[in-house]
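Listed here are the chains, written in short residue letters.
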Amino acid sequence: MRQRRRRSTGLLTAAVVGALTAGLVAVAGPQLTANSTDAAPPGAAPQATPAAQPAPDPDTCAPMVAALSPRDRLAQRLMVGVDAADPAGATAIVRDSQVGGVFLGGNATALLQDDRLAALQKASRTPLAVAVDEEGGRVQRIDELDGDVPSARQMAASDSPEQVTEIARKRAGQLKARGVTWNLAPSVDVSDQPRTAVIGDRSFSDDPATVTRYAAAWAEGQQAGGVFGVLKHFPGHGHSSGDSHKGSVSTPPLDRLRAGDLRPYADLVGPGKPLDGRVGVMLGHLDVPGLTTDVPTSIAPAAYRLLREDYRFDGLAMTDDLGAMKAITDRFGLAEATTRALTAGADMALFSNVTPVAPLLDAAEKALADGRITAQANDTAVARVLAAKGLCSRG
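What this report covers is the structure whose coordinates are included nearby. Bear in mind the structure is a predicted one, so any value in this text is a computation, not a measurement. (Residues numbered from 1 in each chain as written. Predicted model: local features only at pLDDT ≥ 70, side-chain atom pairs only at ≥ 80, totals over all residues. Heavy atoms only, no water.)

### Quick word on helix H15 (residues 375-388)
Look at H15: 20 Å from first C-alpha to last across 14 residues, which is about the 20 Å you get at 1.5 Å a residue. All of the buried residues along H15 are Asn378, Ala381, Val382, Ala383, Arg384, Val385, Leu386 and Ala388. (Helix = DSSP H or I, 4+ residues; strand = E, 2+ residues; numbered from the N terminus. Expected span 1.5 Å × (residues − 1). Buried < 20%, exposed > 50% of the residue type's maximum accessible area, 1.4 Å probe, protein only.)

See below:
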């Protein structure tokens, strides 16, 4: 995400958790009669009736997706920047584009006060994801309104995981009270960089196990506070050669990332893991030897396959900022970068700057018509977005 000091432009969010229900269907045992060949012989113990098994949760997302027009489905896959100093302008963007989410960056706080985000929600026919970056330390969004939170590195050095869970729960409650539903945090980058480097003290530690433990603690608290969280920056920005805000960034080869930087993902997401089905994952703009070739991970199909197949992640996958990162903007226009991201496998494309949305949707519609984006993949991505917003269950 765009890095910033507490008073500089930056980036992520959280979704309103919906109440879902699942019924239980009793499975009847075999009916036996005196003439049945399956009847027990005299004196034999009666056969046990198989226990009732819970029915799978119904897929309530598919009907919601089907009810959206093709253009509105694509719009759900965009998270766009809005100016927090311009509530009327933000409302117009949402009303005219029906995007899936908005991102609040910069220094202004008008949209975060006086229930103005509730008015923004009213402009959307589908409940909106409202996202910020609230990591603590030098990447915060509401510190001037609700007080300061320490950096990730400082929390890991001075607080227990249980204390970090409580810090995150309280902060999420403050975000939710202001109308924020998603927070693009925590960072699970494993980093030994100096404090002020691109990741630096945004990382809990240079030890993967410590990162895993504290990131899980933050994510648990954030969810308890009612905000949807996003782990970042897959597959690992902590040992990168540079800053994607300024240009191309290289990481160690994939086999080295697997041994360290990717361990938090291996331990936290996927079937049976602590955060399975409870968080999203953000892909950074990273050139990874052994994984990518001509484009960075955020728009590389191989990176999404790595996340889906190797780490078995089936939740929301989104890009880092496509609009203000030179790792992207030096190579592609925003419409092409957005289409490449959606084609590669991103469920949601993020850009933090205020920009016309219609050209992005026009380009995405053309990609859908041309088959670059398939209808099935598009509907699956939209379902993940809606589920991350707590509006439905994918079953």
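### Topic: unusual backbone geometry
Residues lysine 232 and histidine 233 are joined by a peptide bond in cis, for which omega reads 0°. Topologically, histidine 233 is positioned in strand E7 (residues 228-234). In the segment running from phenylalanine 234 into proline 235, the intervening peptide bond is cis, with an omega of 0°. In this structure, proline 235 sits in the loop between E7 and helix H9 (254-259). Despite not being glycine, glutamine 98 shows a phi value in the positive range, around 55°. When you line up the elements, glutamine 98 lands in the loop between helix H3 (87-97) and strand E4 (101-104).

### Describing the nonpolar core
Of all hydrophobic cores here, the largest spans 86 residues; its most connected members are Val102, Leu104, Phe204 and Phe234. Considering every element that reaches this core, the biggest residue donor is helix H8 (residues 208-224), with 7 residues. Residues contacting phenylalanine 204, with those up to four places away along its chain left out, are Ala152, Arg153, Met155, Ala156, Pro186, Ser187, Val211, Tyr214, Ala215 and Trp218. In terms of nonpolar packing, the next biggest core, distinct from the first, is built from 15 residues, Ala129, Val230, Met348 and Leu350 among them. (Core = buried A, V, L, I, M, F, W, Y, C linked by side-chain atoms within 4.5 Å. Contact = heavy atoms within 4.5 Å.)

### Things to note about the environment of cysteine 392
Note on placement: cysteine 392 falls in the segment after H15. For cysteine 392, a relative accessible area of 4% puts it in the buried group. Linking cysteine 392 and proline 58, residues 334 residues apart in sequence, is a C-alpha distance of 9.5 Å.

### Here's the deal with the pairing of strand E10 (residues 348-351)
Judged by which residues are buried, E10 turns out to be covered on both faces: Met348 and Leu350 on one side and Ala349 and Phe351 on the other are all buried. Looking at chain direction, strand E3 (residues 78-82) and E10 are connected through 3 bridges and run parallel. Paired with valine 80 across the bridge in E10 is phenylalanine 351. (Pairing = 2+ DSSP bridges.)

### Considerations on the side chain of glutamine 174
If you trace the backbone, glutamine 174 turns up in helix H7 (residues 161-177). Assessed through its relative accessible area of 18%, glutamine 174 is described here as buried.

### Overview of the packing of H7 against H8
For the pair H7 and H8, the least separation of the axes is 7 Å and the interaxial angle reads 35°. Between H7 and H8 the crossing geometry is right-handed. Residues Pro161, Val164, Thr165, Ile167, Ala168, Arg169 and Ala172 of H7 form the contact with H8, whose participating residues are Arg213, Tyr214, Ala217, Trp218, Glu220, Gly221, Gln222 and Ala224. In terms of residue class, the contact of H7 with H8 is built from 9 nonpolar, 3 polar and 3 charged. (Axes fitted to C-alpha atoms, helices over the stretch in contact; angles between N-to-C directions. Left-handed = near helix turned anticlockwise from the far one by under 90°. Nonpolar A, V, L, I, M, F, W, Y, C, P; charged D, E, K, R; others polar.)

### Some remarks on H7
Between its terminal C-alpha atoms H7 stretches 24 Å, which fits the 24 Å expected from 17 residues at 1.5 Å a residue. Of all the residues in H7, the buried ones are Pro161, Val164, Ala168, Arg171, Ala172, Gln174 and Leu175. All buried residues of H7 lie within an arc of 160° about the axis, which places them on one face of the element. For H7, the exposed residues set more than 90 degrees away from the buried face come down to Glu162, Lys170 and Ala177. Of the surrounding secondary structure, the elements contacted by the buried residues of H7 are strand E5 (129-132), helix H5 (143-146), helix H6 (152-158), strand E6 (182-183) and H8. One or two steps after H7, the chain reaches glycine 179, where phi turns positive at roughly 100°. (Arc of directions from axis to C-beta.)

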